[in-house]
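Residues per chain are reported as follows:
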Amino acid sequence: MALPELLAPAGGLDQMLAAIAAGADAIYAGLGGFNARVSARGFTDDEFLRGCAAAHAHGVRVYVTLNVFVFDDELADAVALGAHAHELGADALIVADAGLACALRAAIPGVEIHLSTQAGVHSEGAVRLAADELGVERVTTARELAVDEIAALCAVGVPIEVFCHGAICIGYSGACEFSALRRGRSAMRGDCTQPCRLAYDLVDEAGESVVSVEGDRLLCPRDYLGIAYLPELVGAGVVSLKIEGRMKNPDYVFNVVRVWRRALDMLRDGTWDAAAVSALERELGRSFNRGFTDAYLRGRSGAELMSFERAINQGVRVGHLVTVGHEEVTVELDAAVAAGDTLEIRFYPGADARPDVPKRWPQVPCPVDAAAGERIVVHCKRKVDAGCEVYLIRSAGVLEQTATALERMRVEADAVVPVPRAVEMLPFEGAVAVGDVPEAALTEPSEKGASARMVFAWQLMDADPCGERDLSDATVVLDEVCRAADASRIRSLMRRAGRVVCRNLGQVAMARELGVAFDVAAPVFCANRVTLAWLRGLGAGRVYLPAELVADDAERVAELAACPGVLGPVDADRPELMVCEHCLLTAEGACATDVTGQVRCRDCSRRQQARFLVERDGTRLPVVIDACGRTRIFLS
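Cut-offs used in this document
- Residues numbered from 1 in each chain as written.
- Predicted model: local features only at pLDDT ≥ 70, side-chain atom pairs only at ≥ 80, totals over all residues.
- Heavy atoms only, no water.
- Phe/Tyr/Trp six-rings, centres within 6.5 Å; stacked < 30°, edge-to-face > 60°.
- Buried < 20%, exposed > 50% of the residue type's maximum accessible area, 1.4 Å probe, protein only.
- Lys NZ or Arg CZ within 6 Å of the ring centre and 35° of its normal.
- 1 Å grid on protein atoms, 1.4 Å probe; cavity = no way out; pocket = protein on both sides within 12 Å on 5 of 7 lines; lining within 4 Å.
- Points joined across faces, edges and corners; volume = space filled by probe spheres on them.
- Helix = DSSP H or I, 4+ residues; strand = E, 2+ residues; numbered from the N terminus.
- Pairing = 2+ DSSP bridges.
- Axes fitted to C-alpha atoms, helices over the stretch in contact; angles between N-to-C directions.
- Core = buried A, V, L, I, M, F, W, Y, C linked by side-chain atoms within 4.5 Å.
- Contact = heavy atoms within 4.5 Å.

J.: Whenever I open this one, the packing of aromatic side chains confuses me. Can you help?
T.: We describe a pair of aromatic rings using the distance from one ring centre to the other and the angle between the two ring planes. Per the stated rule, a full pass over the model turns up five aromatic pairs. When the centroid spacing of 5.5 Å and the interplanar angle of 80 degrees are considered together, the rings of Phe43 and Phe48 count as edge-to-face. Comparing Phe43 with Phe48, the two get one shared label, buried. In this arrangement the basic side chain of Arg310 is found over the ring face of Trp361, its NZ or CZ atom lying 4.4 Å from the centre. Its end group placed over the ring of Tyr391, Arg346 keeps NZ or CZ at 3.5 Å from the ring centre.

Here is the structure:
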């Protein structure tokens, strides 16, 4: 069986060494400031050089993330960083910005480029366009895709990389300006403030809360857990399974990678079974997680996706309290624990408790080694009750095993004598200098089909449910998402509209195929003139700048904005902060179903009522759910 590559995260040298020790086939890491985790500790040049040498000694490849969007004045530095990473040992570069990909390709002969998930690839057309027009060797798809969608993308013939484990952004990657527009720090520049992990209320027009779930983390998803779908993902033909976590500690990397390595080896050896999956999932739960979900892989995105109550480590259940005494409790175990483990007791007041009785989650040390089925006595000063569940949130064994592996790998890395590669780099000014962008790409675009009347496709799903309206006098702004289920609707809009605004590479591919006039807007992100030239070369007319650039980087994009046909945000009247597959209205309770048991978002009565997401400072953000059940959150 041809197994996919197991791709591990590394936020620093220790994480890289832990991944090598645990059995990773490849590692991805940031180097310098042009990456989507700028707050990770990162590497010095010497550390990265030694880490790459140690990786290569074990047959492990190393990829460097340059997956942010860059401005004109940064292109030369970003290309130089790519060449420097290649010189230190990087085997490929992960890129989101089309202009940067073009510049790297022109300046570094033979460079291998992988397209980041930030580019928002959801469809077969987007995969083909990325391979044919950007020349990328691999495409990382969106996390939201189901197994059958992933299989369809793999069938295109371009190597496909998918996430298999770790944290999830609730918004579609590359289509979220929440942090930038509300906090002044851009996710597209690697500086996300993670607004999806904060507390919110959901209210109606009168300001009354409509939340019925336990908890207030209404945008906080659980972590991705795809291990039960490993046979299906391998059968689909994915070339790489990617573990999220460049901000995680070495023990997280070591434990998660070794469990996935074991799973892949079991599949190869024919020892895979459902019972083994359960055990593997428990082992993964011993590392940081916000609870686990496989909802996306199953084609679901409702409340089962979410961790409404808490945005912190949930650990893994290991037992429950059977008796409570004076400052001690007795735990009956259903999984093994070890001395030094940190246990969390989860106390919830009963239905008869006074309203002022709080929830409690005391964390206590485990005093002894014990097996499943045994009972142990644990010291606990906080008031709790019999029946409370007990979770392991920090494994002493994982920490000890990681420390042992790191000690061995550090000795090995110190003994390696790294030799930098000789990298040929063409002068940037002669390759794709911004000043050398063809004038034809920056001239006034064709106005064929242009109309001052703009309508948004997601609104037309309700206003024109049967797809009958004549749109020949309108410019239709398409959705940010372009999945297989959206294709027929998008094609219909393209055929009826005077002009369309594509907001996804898959839509660009479709517009070119149909020969319709099209413009582009974020999340087809344009921050430099090389990207502008590339988009114009594809046939795009007008290019709308993202709202966050106009808000925070107006001076830096002034020259770009002065180019003919470059306009302000397509949603300037009501900037959109986020679009996500998850329906926020599931926080109000279970979805209604029809007689066949199917959820029909189009017929949902809740969608017709005004809803607002309320931040802690009282700011109300309008929420709209479209007929596909996708959530859109707008600026107040």
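J.: Sorry, what's going on with the layout of surface pockets here?
T.: Using a probe with the size of a water molecule, rolled over the atoms, empty space left in the structure can be pinpointed. In this model, the largest pocket occupies a volume close to 1200 Å³. In terms of lining residues, the largest pocket is bounded by 50 residues, among which Val599, Cys601, Ala627, Cys628 and Gly629 are the most central. In terms of residue count, helix H14 (residues 487-496) provides more of the lining of the largest pocket than any other element does, four residues in total.

J.: Honestly, the sheet that holds strand S25 (residues 611-614) in this entry has me stumped. Any pointers?
T.: Whenever strands of a sheet pair, they do so through backbone hydrogen bonds, lying parallel or antiparallel. The strand order S8-S25-S26-S27-S24 describes an open sheet built from five strands, whose pairing is antiparallel. With partners counted over all chains shown, the strands left at the sheet margins are strand S8 (201-203) and strand S24 (576-580), one partner each. Averaged over all adjacent pairs, the angle separating strand axes in this sheet is 25 degrees, with direction ignored. Here three bridges tie S8 to S25, and the two strands are oriented antiparallel to one another. In the sheet register, Leu202 faces S25, and the bridge partner there is Leu613.

J.: Explanation requested: the sheet that holds strand S12 (residues 316-325) in the structure shown.
T.: Read from one edge to the other, the open sheet built from six strands follows the order S15-S14-S17-S12-S13-S16, with strand pairing classed as antiparallel. For this open sheet the edge positions go to strand S15 (363-365) and strand S16 (375-379), each flanked by a neighbour on one side alone. Taking each pair of neighbouring strands and ignoring which way they run, the sheet shows an average axis angle of 40 degrees.

J.: How do you make sense of the nonpolar core when you look at a structure like this?
T.: Generally speaking, a soluble globular protein has its nonpolar side chains buried in company with each other. Phe48, Trp260 and Val476 are the most contacted members of the largest nonpolar core, which totals 168 residues. In terms of residue count, helix H9 (residues 250-269) provides more of this core than any other element does, 11 residues in total. Non-local contacts of Trp260, meaning those with residues more than four positions away in its chain, are made with Leu6, Cys164, His165, Gly226, Ile227, Leu230, Leu241, Ile243 and Leu284. Membership of the second largest hydrophobic core comes to 21 residues, among which are Val316, Val329, Val337 and Val378.

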